[in-house]
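# A closer look at the structure
Okay, here's what each chain looks like letter by letter:
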Amino acid sequence: MAIQWFPGHMAKARREVTEKLKLVDIIFELVDARIPVSSANPMLDEIIQQKPRITLLSKADMADSKMTARWLEHFANQNRHVLAIDAQTGTGLDKMVKLAETILKPKRDRMRAKGMKPRAIRAMIIGIPNVGKSTLINRLAKRNIAKTGNTPGVTKAQAWIKVGKSMELLDTPGILWPKFEDEEVGYKLALTGAIKDTILNLQDIAVFGLKFTEKHYPQALMERYQLTEIPAEVVGLFDHIGRLRGCLRAGGEVDYDKTAKLIIRDIRGQKLGPLTFDIL
Ligand code: G4P
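Below is a summary of the structure that appears in this document. Just so it is clear, the structure is predicted and the values come from calculations on it, not from any experiment.

What counts as what
Residues numbered from 1 in each chain as written. Predicted model: local features only at pLDDT ≥ 70, side-chain atom pairs only at ≥ 80, totals over all residues. Heavy atoms only, no water. Helix = DSSP H or I, 4+ residues; strand = E, 2+ residues; numbered from the N terminus. Contact = heavy atoms within 4.5 Å. Near = heavy atom within 4 Å. Polar contact = N/O pair within 3.5 Å; in protein donor to acceptor, adjacent residues only side chain to side chain. Areas by Shrake-Rupley, 256 points an atom, 1.4 Å probe, with all protein chains shown as cover. Nonpolar A, V, L, I, M, F, W, Y, C, P; charged D, E, K, R; others polar. Patch = residues over 30% accessible without salt bridge, like charges linked within 9 Å, V, L, I, M, F, W, Y side chains within 5 Å. Salt bridge = Lys/Arg side-chain N within 4 Å of Asp/Glu carboxyl O. Lys, Arg positive; Asp, Glu negative; His and termini not counted. Charge placed at Lys NZ, Arg CZ, Asp CG, Glu CD. Buried < 20%, exposed > 50% of the residue type's maximum accessible area, 1.4 Å probe, protein only. Pairing = 2+ DSSP bridges. Right-handed = clockwise from strand over helix to strand, strands pointing away. Expected span 1.5 Å × (residues − 1). Core = buried A, V, L, I, M, F, W, Y, C linked by side-chain atoms within 4.5 Å.

## Quick notes on the environment of Gln226
The residue Gln226 is located in the loop between helix H8 (218–224) and helix H9 (234–244) in this model. Aside from chain neighbours lying at most four places away, what touches Gln226 is His240 and Leu244.

Structure, rendered in structure tokens:
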């Protein structure tokens, strides 16, 4: 369920994440592959400081695969570690551990050189609500049933999940807040289901969705709503969709709220196909 964030929530979330950070060697930052920038927490760099990070583009099955490939390349060009995953089918999960091992190898080799035996890599998952953190943890936990239990020496007891031979994952994720300053980001978060409908005006979300798809995925829009051409004004598009789908008031006029809800449901439910809203 999406959380409504207030300054108090943000401060608490930040404190909790900072505490957990002390326990781990590496962070898995989950962002939604459909909005890899809009679903990122803008303060993450500052919060995690120098801790190594792997960015996971989650729900890759719901995103435009061409755009995901571009984002992966873009992030890799910025020297970031990045993978696309689908926690529901398990695609990409094997690579998570391997990449973490590769990133931490120099440090672990140094330990071995000094005669120390490195313990399992400790990792945590972090991200804004609804990006698939719990789904991923459950998926990883199911594959590797053994929970390692509480770790001695840690002030607050934390449960770890064994992932493969060389990794332990904190069983609770770090929850961060999304960016709220930017209206467009808000619409994108709403269209991907990351924030509740009640936060923004329904018709505004639907208008954004229609204009966005008209610009970037016109074919998908035309096919879904049986259009031979896209009306010049968005109200014309609302009227067409409302009539086509029977979203009418008693007098036969189009019910715009009902139509807006339907459009949002269609977009979220992949009825226009896999879409990416952060365009590169
Ligand atoms: P969170 O812990 O980060 O808050 O997210 P959570 O795992 O609860 O996932 C949010 C929703 O996203 C869930 O849908 C979940 O099934 C879905 N999801 C997670 N990972 C993937 C993925 O890789 N692919 C797809 N297609 N879906 C994924 P839900 O339980 O139906 O919730 P909702 O739809 O009511 O929000």
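## With respect to the site of the ligand
Of all residues adjacent to the ligand, which total 13 residues, the nearest are Asp61, Asn130, Lys133, Ser134 and Thr135. Measuring from an oxygen atom of the ligand, one finds a side-chain N or O atom of Asp86 at 3.0 Å. For the ligand, an oxygen atom lies 3.1 Å from a polar atom in the side chain of Gln88. Relative to its free-state accessible area of 720 Å², the ligand is covered by the protein chains to the extent of 61%. Taken together, the residues of the shell around the ligand break down into four nonpolar, five polar and four charged.

## A word on a negative patch on the surface
Together, Glu181, Asp182, Glu183 and Asp204 make up a negatively charged patch on the protein surface. Tracing the backbone shows Asp182 in the loop between strand E8 (174–175) and helix H6 (183–191). Take Asp182: its relative accessible area is 39%, and that puts it in the partly exposed class.

## As for the pairing of strand E2 (residues 53–58)
Most of E2 is tucked away, with six of its six residues classed as buried. Side chains of E2 alternate between two faces, with Arg53, Thr55 and Leu57 and Ile54, Leu56 and Ser58 buried alike. Of the strand pairs in this sheet, strand E1 (residues 26–32) and E2 are connected by six bridges, and their pairing is parallel. Residue Val31 lies in a different strand from E2, and its bridge partner there is Leu57. Since E2 and strand E3 (residues 81–84) lie parallel, the crossover through helix H3 (residues 65–77) that links them has a hand, and here it is right-handed.

## Quick look at the pairing of E3
As judged from the four bridges shared by E2 and E3, these two strands associate in the parallel manner. Bridged to Thr55 within E3 is Val82.

## Re helix H7 (residues 202–216)
Between its terminal C-alpha atoms H7 stretches 21 Å, which fits the 21 Å expected from 15 residues at 1.5 Å a residue. Close packing links the buried residues of H7 with H6, H8, H9 and helix H10 (256–268). The opening residue of H7, the one whose side-chain oxygen lies 2.9 Å from the backbone nitrogen of Gln203, is Asn201.

## Describing the nonpolar core
Membership of the largest hydrophobic core comes to 67 residues, with the highest contact counts inside it found for Phe28, Leu56 and Leu136. With residues near it in sequence (within four places) discarded, Phe28 still touches Ile54, Leu56, Met96, Ala100, Ala123, Met124, Ile125, Ile126, Met167 and Leu169. In terms of nonpolar packing, the next biggest core, distinct from the first, is built from 16 residues, Leu44, Ile47, Ile48 and Met124 among them.

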